[in-house]
Amino acid sequence: MSCNNGTIDYAPKNIPYRKRQGDHFQIPMTLTDSAGAAIDVSDSQDIQFFVDDVEVASLGSGITVSGVDNNDITIIAADDRSVGANYVYKIVITDVDGVIRTHVEGKMKIIVVS
């Protein structure tokens, strides 16, 4: 999220992610705005992790909030998607006022365990 001249940019950030088949998703992240200030999500109504529009984790069920500034989130979710396939994932946060925003989205590929 960034703010310039009174305009707020909530554009999601695209992050490529690769995981081995059978491994849990394990995504730790720190949410900050474009100036590096913490985005406090401690009062969020929900934080959801979707893969191909299917929710695989949510706040209190695979997603935790921590850190001094309440802007560190950790996602741990089991999944058994097919090797070699490409998927789209996103992290959606519903704030205290009920406003829903996609904060992170990207492509994911499942790799072969060697």
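Up top is the structure these notes are about.
Structure report, in brief.

Criteria and thresholds
Residues numbered from 1 in each chain as written. Predicted model: local features only at pLDDT ≥ 70, side-chain atom pairs only at ≥ 80, totals over all residues. Heavy atoms only, no water. Phe/Tyr/Trp six-rings, centres within 6.5 Å; stacked < 30°, edge-to-face > 60°. Lys NZ or Arg CZ within 6 Å of the ring centre and 35° of its normal. Patch = residues over 30% accessible without salt bridge, like charges linked within 9 Å, V, L, I, M, F, W, Y side chains within 5 Å. Areas by Shrake-Rupley, 256 points an atom, 1.4 Å probe, with all protein chains shown as cover. Salt bridge = Lys/Arg side-chain N within 4 Å of Asp/Glu carboxyl O. Lys, Arg positive; Asp, Glu negative; His and termini not counted. Charge placed at Lys NZ, Arg CZ, Asp CG, Glu CD. Helix = DSSP H or I, 4+ residues; strand = E, 2+ residues; numbered from the N terminus. Buried < 20%, exposed > 50% of the residue type's maximum accessible area, 1.4 Å probe, protein only. Contact = heavy atoms within 4.5 Å.

1. Observations concerning the packing of aromatic side chains
Enumeration according to the criterion identifies one aromatic pair in this entry. The aromatic ring of F50 is capped on one face by K90, whose charged end is 5.5 Å from the ring centroid.

2. Things to note about a negative patch on the surface
A grouping of D40, D43, D69 and D97 is seen on the molecular surface, where their side chains present a negatively charged patch. One can find D97 in the loop between β10 (86–94) and β11 (100–111).

3. A closer look at the pattern of salt bridges
Under the criterion given, the structure shown has two salt bridges. The partner of K90 in a salt bridge is D53, with the nearest N and O atoms 3.2 Å apart. Taken together, the residues K90 in strand β10 and D53 in the loop between β6 (46–51) and β7 (54–59) connect sequence positions 37 residues apart. Taking relative accessible area as the criterion, D53 reaches 60% and is therefore assigned exposed.

4. Quick look at the side chain of Q48
Within the secondary structure layout, Q48 lies in strand β6. By relative accessible area, which is 16% here, Q48 ends up buried. Every residue in contact with Q48, bar those within four places of it in the chain, is listed here: E55, A57, S58, I63, K90, I91, V92 and T94.

5. With respect to unusual backbone geometry
Unusually for a residue other than glycine, D52 sits at a positive phi of about 50°. Given a relative accessible area of 36%, D52 falls into the partly exposed group. Of note, D53 is a non-glycine position whose phi angle comes to about 65°, a positive value.

Keep in mind that these numbers describe shape and distance, not what the molecule does.
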